[in-house]
Amino acid sequence: MSDGIIRRMDAFGRIAIPKEIRRVIHAKENDPFEIILCGKAIVLEKYESPEILGMVATPVLQVLCKEYSVKVAVCDANKVLQCFGIPMLISQSVSGDIRFHVESGIEYVAKPGNSGLPLYESNEVYRVRAFMPLKYGKDQMSGVVLLGETSEEISSEMLAQMRFVAKLLEHQAKDWL
């Protein structure tokens, strides 16, 4: 005996998700779902695209870039989602170092005299001076990146702003998704 809700599949293979469940998961019309086959069970998960985070981050990164005259980006474990100060970096694959920090959720700050981590493998010009992790959705990991070309010390004010931006984006992305 199951406590689940029984629904019939129509001739087109469609099954309606009950309104109560849609409300709980904040599902709206045209929201994408990932369909996963797990043994004999079918699992539906609301799809949470990392590109949404890039859209949510745009106004926040614009302000940070303008107010502090810095180059900033948001990336996931695979690519740069949004960037200000260097727009041609969007969609570039990130380096293994950045992938590690995104997946582990570990903050990174370059020490004075250290040029930082490469943002992506194929170019040494853009170096990551600081990385602040952020988590949104169920298991989506990402991070805010401060780019620089010098090995000067990063001010405590700038680090506080980066942490604030990461937390702000976490909350905005959760509301958006």
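Preceding this paragraph is the structure being described.
Definitions and cut-offs
Counting restarts for each chain: residues are numbered from 1 in the order of the written sequence. Per-residue local features of the predicted model are confined to residues with pLDDT of at least 70, and side-chain atom pairs are confined, for both listing and counting, to 80 or more; whole-chain, interface and lining totals are unaffected and use all residues. Where side-chain values are given, they derive from all heavy atoms of the structure, hydrogens and water being excluded. Put simply, DSSP H or I for four residues or longer makes a helix, DSSP E for two residues or longer makes a strand, and each gets a number counted from the N terminus. Think of it in three bands: with a 1.4 Å probe and only protein chains considered, a residue is buried below 20% of the maximum accessible area for its type, exposed above 50%, and partly exposed in between. The definition of a polar contact used here is a pair of N or O atoms within 3.5 Å, where within protein one atom must be able to donate a hydrogen and the other to accept one, and adjacent residues in sequence count solely through side-chain atom pairs. Definition used in this section: a nonpolar core is a set of buried Ala, Val, Leu, Ile, Met, Phe, Trp, Tyr and Cys residues joined via side-chain atoms within 4.5 Å. Residues count as neighbours in contact if any of their non-hydrogen atoms are within 4.5 Å of one another. Surface patches are drawn from residues lacking salt bridges whose relative accessible area is over 30%; two like charges belong together within 9 Å, two nonpolar side chains (Val, Leu, Ile, Met, Phe, Trp, Tyr) within 5 Å. Accessible surface is estimated by sampling points in the Shrake-Rupley manner with a 1.4 Å probe; for residues, cover comes only from the protein chains shown. Here, a salt bridge means any Lys or Arg side-chain nitrogen found within 4 Å of an Asp or Glu carboxyl oxygen. Here Asp and Glu are counted as negative and Lys and Arg as positive; His is not counted, and neither are the chain ends. Throughout, a charge is located at the NZ atom of Lys, the CZ atom of Arg, the CG atom of Asp or the CD atom of Glu.

Visitor: Break down the side chain of Ser95 for me, citing the residues and quoting the values.
Guide: Structurally, the position occupied by Ser95 is in the loop between β4 (80-84) and α3 (96-104). Under the relative-accessibility criterion, Ser95 is labelled buried at 0%. A distance of 2.7 Å separates a polar side-chain atom of Ser95 from the backbone oxygen of Pro118.

Visitor: Explain the nonpolar core to me, and be specific about the residues and the numbers.
Guide: One broad rule of soluble globular proteins: the nonpolar side chains tend to lie buried together. By size, the foremost hydrophobic cluster in this structure holds 23 residues, and its most contacted members are Leu61, Val72, Val74, Val144, Leu146, Met162 and Leu169. At the level of elements, α2 (50-68), β3 (71-75), β4, β7 (123-136), β8 (140-148) and α4 (156-176) are the ones that each hand at least two residues to this core. No other element matches the six residues that α4 contributes to this core. Apart from the residues within four sequence positions on either side, Leu146 is in contact with Val70, Lys71, Val72, Arg127, Val128, Arg129, Ala130, Ile154, Met158 and Met162. In terms of nonpolar packing, the next biggest core, distinct from the first, is built from 19 residues, Cys75, Ile86, Ile98 and Val145 among them.

Visitor: Describe a positive patch on the surface, naming the residues involved and giving the relevant values.
Guide: A contiguous patch of positive charge, built from Arg7, Lys19, Arg22 and Arg23, is present on the exposed surface. Within the element layout of this structure, Arg22 appears in helix α1 (residues 19-24). Residue class for Arg22 comes out partly exposed when judged on its relative accessible area of 36%.

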